[in-house]
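Remarks on the overall topology
If you want the building blocks of each chain, they are given just below.
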Amino acid sequence: QGFLVKSPDYSNYRVKSRCCLKSHGDCFVGERMIRAHSTPCWLDCIQNPEAITSLYDAPPELKNIFLHRISLQESGWACRVVLVSSELPARRPQRWGDCNVVHIELGVMEITELEIVGWPWERFGNATAICSESKVVFETAGVGFRVKVGSTARMSLCSVKGVLVEKEWLSKFQSNEHSVS
(Lines give C-alpha, C1' and ligand atoms only; values in the text may rest on other atoms or scores of the structure.)
Protein backbone atom coordinates (compact mmCIF):
# COMPACT_ATOMS: atom_id res chain seq x y z
CA GLN A 1 0.00 0.00 0.00
CA GLY A 2 2.95 2.33 -0.11
CA PHE A 3 5.21 3.89 2.46
CA LEU A 4 5.25 7.11 4.39
CA VAL A 5 7.76 9.29 6.17
CA LYS A 6 6.33 11.11 9.14
CA SER A 7 7.38 14.49 10.48
CA PRO A 8 6.11 15.83 13.83
CA ASP A 9 4.31 18.80 12.22
CA TYR A 10 2.63 16.62 9.53
CA SER A 11 4.16 18.73 6.77
CA ASN A 12 6.40 16.10 5.17
CA TYR A 13 4.22 13.04 4.77
CA ARG A 14 5.08 11.11 1.63
CA VAL A 15 3.25 8.14 0.26
CA LYS A 16 3.94 6.03 -2.75
CA SER A 17 0.26 5.27 -3.31
CA ARG A 18 -3.07 6.42 -1.98
CA CYS A 19 -4.05 4.80 1.30
CA CYS A 20 -6.12 5.45 4.35
CA LEU A 21 -4.84 4.73 7.82
CA LYS A 22 -7.92 3.30 9.49
CA SER A 23 -6.46 3.35 12.98
CA HIS A 24 -5.69 7.05 12.96
CA GLY A 25 -8.30 8.27 10.51
CA ASP A 26 -5.71 10.12 8.41
CA CYS A 27 -6.26 9.95 4.66
CA PHE A 28 -3.38 10.25 2.23
CA VAL A 29 -3.91 11.14 -1.41
CA GLY A 30 -0.74 11.41 -3.48
CA GLU A 31 1.65 13.25 -1.22
CA ARG A 32 -1.04 15.26 0.55
CA MET A 33 -2.52 14.30 3.88
CA ILE A 34 -6.11 15.00 4.83
CA ARG A 35 -6.93 14.79 8.52
CA ALA A 36 -9.82 14.93 10.92
CA HIS A 37 -12.19 12.14 10.06
CA SER A 38 -12.85 9.18 12.27
CA THR A 39 -14.47 6.77 9.82
CA PRO A 40 -12.81 5.05 6.87
CA CYS A 41 -12.10 7.61 4.20
CA TRP A 42 -14.69 7.42 1.40
CA LEU A 43 -12.04 8.91 -0.86
CA ASP A 44 -10.34 5.49 -0.80
CA CYS A 45 -13.17 4.32 -3.04
CA ILE A 46 -12.62 7.13 -5.56
CA GLN A 47 -10.08 6.72 -8.35
CA ASN A 48 -9.59 10.48 -8.85
CA PRO A 49 -10.12 12.34 -5.54
CA GLU A 50 -8.10 15.45 -6.46
CA ALA A 51 -11.15 17.70 -6.90
CA ILE A 52 -12.07 17.07 -3.26
CA THR A 53 -8.53 17.16 -1.83
CA SER A 54 -7.75 20.44 -3.59
CA LEU A 55 -10.80 22.15 -2.05
CA TYR A 56 -11.24 20.64 1.42
CA ASP A 57 -8.78 20.43 4.32
CA ALA A 58 -10.72 17.36 5.48
CA PRO A 59 -13.06 15.53 3.12
CA PRO A 60 -16.76 16.14 3.74
CA GLU A 61 -18.17 13.37 5.89
CA LEU A 62 -21.25 12.78 3.70
CA LYS A 63 -23.46 13.20 6.75
CA ASN A 64 -26.80 14.97 6.28
CA ILE A 65 -26.52 14.96 2.52
CA PHE A 66 -29.38 15.27 0.07
CA LEU A 67 -29.62 12.55 -2.58
CA HIS A 68 -30.37 14.75 -5.57
CA ARG A 69 -30.25 12.28 -8.44
CA ILE A 70 -29.47 8.75 -9.54
CA SER A 71 -29.27 8.00 -13.22
CA LEU A 72 -28.64 4.74 -15.03
CA GLN A 73 -27.45 4.64 -18.62
CA GLU A 74 -26.44 2.11 -21.17
CA SER A 75 -23.17 3.74 -22.19
CA GLY A 76 -20.57 5.72 -20.27
CA TRP A 77 -20.96 5.56 -16.51
CA ALA A 78 -23.50 2.83 -15.79
CA CYS A 79 -24.70 4.77 -12.76
CA ARG A 80 -24.30 8.39 -11.67
CA VAL A 81 -25.17 9.59 -8.19
CA VAL A 82 -25.42 13.29 -7.30
CA LEU A 83 -25.19 14.21 -3.61
CA VAL A 84 -25.73 17.68 -2.19
CA SER A 85 -23.73 18.70 0.87
CA SER A 86 -23.98 21.88 2.93
CA GLU A 87 -20.38 21.34 4.05
CA LEU A 88 -18.57 24.03 2.06
CA PRO A 89 -14.87 23.71 1.24
CA ALA A 90 -12.13 25.85 2.74
CA ARG A 91 -10.93 26.88 -0.73
CA ARG A 92 -13.86 27.77 -2.99
CA PRO A 93 -13.10 28.57 -6.62
CA GLN A 94 -14.08 32.12 -7.61
CA ARG A 95 -16.38 30.78 -10.33
CA TRP A 96 -18.60 29.28 -7.61
CA GLY A 97 -19.61 32.77 -6.53
CA ASP A 98 -21.99 32.86 -3.57
CA CYS A 99 -22.74 29.14 -3.48
CA ASN A 100 -24.30 27.71 -0.34
CA VAL A 101 -24.17 23.97 -1.12
CA VAL A 102 -21.88 21.62 -3.04
CA HIS A 103 -22.95 19.04 -5.64
CA ILE A 104 -20.75 15.94 -5.64
CA GLU A 105 -21.34 13.68 -8.65
CA LEU A 106 -20.01 10.12 -8.52
CA GLY A 107 -19.81 7.73 -11.45
CA VAL A 108 -19.95 3.95 -11.09
CA MET A 109 -19.09 1.30 -13.66
CA GLU A 110 -19.09 -2.49 -13.52
CA ILE A 111 -22.14 -2.64 -11.27
CA THR A 112 -22.58 -5.94 -9.44
CA GLU A 113 -25.40 -4.87 -7.14
CA LEU A 114 -28.06 -2.17 -7.29
CA GLU A 115 -30.81 -1.65 -4.74
CA ILE A 116 -33.21 1.29 -4.48
CA VAL A 117 -35.81 1.22 -1.73
CA GLY A 118 -38.23 4.14 -1.54
CA TRP A 119 -37.96 7.53 -3.23
CA PRO A 120 -39.60 10.22 -1.07
CA TRP A 121 -39.68 13.85 -2.13
CA GLU A 122 -37.08 14.85 0.49
CA ARG A 123 -34.15 12.44 0.51
CA PHE A 124 -31.91 13.63 3.36
CA GLY A 125 -29.60 11.03 4.82
CA ASN A 126 -26.04 9.84 5.25
CA ALA A 127 -23.79 8.23 2.67
CA THR A 128 -20.87 5.82 2.95
CA ALA A 129 -18.47 4.21 0.55
CA ILE A 130 -16.41 1.22 1.59
CA CYS A 131 -13.93 -0.62 -0.56
CA SER A 132 -12.04 -3.88 -0.42
CA GLU A 133 -9.60 -5.32 -2.91
CA SER A 134 -12.42 -6.77 -5.02
CA LYS A 135 -15.47 -4.58 -4.39
CA VAL A 136 -16.73 -1.06 -3.72
CA VAL A 137 -20.05 -0.53 -1.97
CA PHE A 138 -21.69 2.90 -1.97
CA GLU A 139 -24.74 3.32 0.22
CA THR A 140 -26.95 6.23 1.19
CA ALA A 141 -29.99 6.04 3.42
CA GLY A 142 -32.43 8.26 5.24
CA VAL A 143 -36.06 8.39 6.30
CA GLY A 144 -38.02 6.43 3.71
CA PHE A 145 -35.20 5.55 1.32
CA ARG A 146 -32.05 3.49 0.87
CA VAL A 147 -29.76 3.18 -2.15
CA LYS A 148 -26.95 0.67 -2.44
CA VAL A 149 -24.60 0.29 -5.41
CA GLY A 150 -21.90 -2.37 -5.53
CA SER A 151 -19.15 -2.43 -8.13
CA THR A 152 -15.95 -4.26 -8.96
CA ALA A 153 -14.30 -0.94 -9.89
CA ARG A 154 -13.57 2.19 -7.89
CA MET A 155 -16.00 5.06 -8.31
CA SER A 156 -15.05 8.17 -10.23
CA LEU A 157 -15.52 11.73 -9.09
CA CYS A 158 -17.34 13.14 -12.13
CA SER A 159 -17.78 16.68 -10.80
CA VAL A 160 -17.70 18.86 -7.72
CA LYS A 161 -19.43 22.21 -8.05
CA GLY A 162 -20.81 24.95 -5.88
CA VAL A 163 -24.49 25.77 -6.28
CA LEU A 164 -26.64 28.56 -4.90
CA VAL A 165 -30.00 27.20 -3.70
CA GLU A 166 -33.06 29.07 -2.48
CA LYS A 167 -33.06 30.01 1.19
CA GLU A 168 -36.28 28.03 1.72
CA TRP A 169 -34.63 24.84 0.47
CA LEU A 170 -31.46 25.55 2.44
CA SER A 171 -33.49 25.95 5.65
CA LYS A 172 -35.06 22.51 5.01
CA PHE A 173 -31.55 21.15 4.55
CA GLN A 174 -30.39 22.65 7.85
CA SER A 175 -33.52 21.55 9.74
CA ASN A 176 -32.72 17.93 8.82
CA GLU A 177 -29.22 18.07 10.35
CA HIS A 178 -30.43 16.73 13.68
CA SER A 179 -33.07 14.33 12.38
CA VAL A 180 -30.64 12.21 10.33
CA SER A 181 -28.79 9.57 12.31
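Up top is the structure.
Every value quoted in this text rests on a predicted model; they were computed, and no experiment measured them. (Residues numbered from 1 in each chain as written. Predicted model: local features only at pLDDT ≥ 70, side-chain atom pairs only at ≥ 80, totals over all residues. Heavy atoms only, no water.)

1. Section: unusual backbone geometry
Non-glycine residue Leu62 carries a positive phi angle of around 60°. Topologically, Leu62 is positioned in the loop between α1 (50–53) and β4 (65–72). With phi around 50°, Glu110 is a residue other than glycine that occupies positive phi space. Relative to the helices and strands, Glu110 is located in the loop between β6 (101–108) and β7 (111–117). (Helix = DSSP H or I, 4+ residues; strand = E, 2+ residues; numbered from the N terminus.)

2. Quick notes on the packing of aromatic side chains
Counted by the stated rule, this structure contains three aromatic pairs. Pairing Phe66 with Trp169 gives two aromatic rings, centres 5.1 Å apart and planes at 90°, and the pair type is edge-to-face. Pair noted here: Phe66 is in strand β4 and Trp169 is in helix α2 (residues 167–175), with a separation of 103 residues, a long-range link. A relative accessible area of 24% means that Trp169 is categorised as partly exposed. Three or more aromatic residues joined by ring pairs make a cluster, and in this case those are Phe66, Phe124 and Trp169. (Phe/Tyr/Trp six-rings, centres within 6.5 Å; stacked < 30°, edge-to-face > 60°. Buried < 20%, exposed > 50% of the residue type's maximum accessible area, 1.4 Å probe, protein only.)

3. So, the pattern of salt bridges
Tallied over the entire structure, the rule returns five salt bridges. Here Lys135 and Glu113 are joined by a salt bridge, their closest N and O atoms 3.1 Å apart. Of this pair, Lys135 sits in the loop between β8 (124–131) and β9 (136–142) while Glu113 sits in strand β7, and the two are 22 residues apart along the sequence. Accessibility expressed as a relative area gives 23% for Glu113, which makes it partly exposed. Close ionic contact of Lys148 with Glu113 constitutes a salt bridge, the shortest N to O distance being 3.5 Å. With Lys148 in strand β10 (residues 145–151) and Glu113 in strand β7, the pair connects residues that are 35 residues apart, well separated along the chain. You can call Lys148 partly exposed: its relative accessible area is 22%. Via salt bridges that share partners, Glu113, Lys135 and Lys148 belong to a single interconnected network. (Salt bridge = Lys/Arg side-chain N within 4 Å of Asp/Glu carboxyl O.)

4. Structural notes on the sheet that holds β8
Reading across from one edge, β7-β10-β9-β8-β4-β5-β6-β11 is the order of the eight strands in this open sheet, with antiparallel pairing throughout. Either end of the sheet is taken by a strand with one partner, and the two such strands are β7 and β11 (156–163). Strand after strand, the sheet turns through a mean of 20° between neighbouring axes, direction not considered. Where β4 meets β8, two bridges bridge the pair, whose relative direction is antiparallel. Looking at the pairing, Ile65 lines up with Gly125 of β8. (Pairing = 2+ DSSP bridges. Axes fitted to C-alpha atoms, helices over the stretch in contact; angles between N-to-C directions.)

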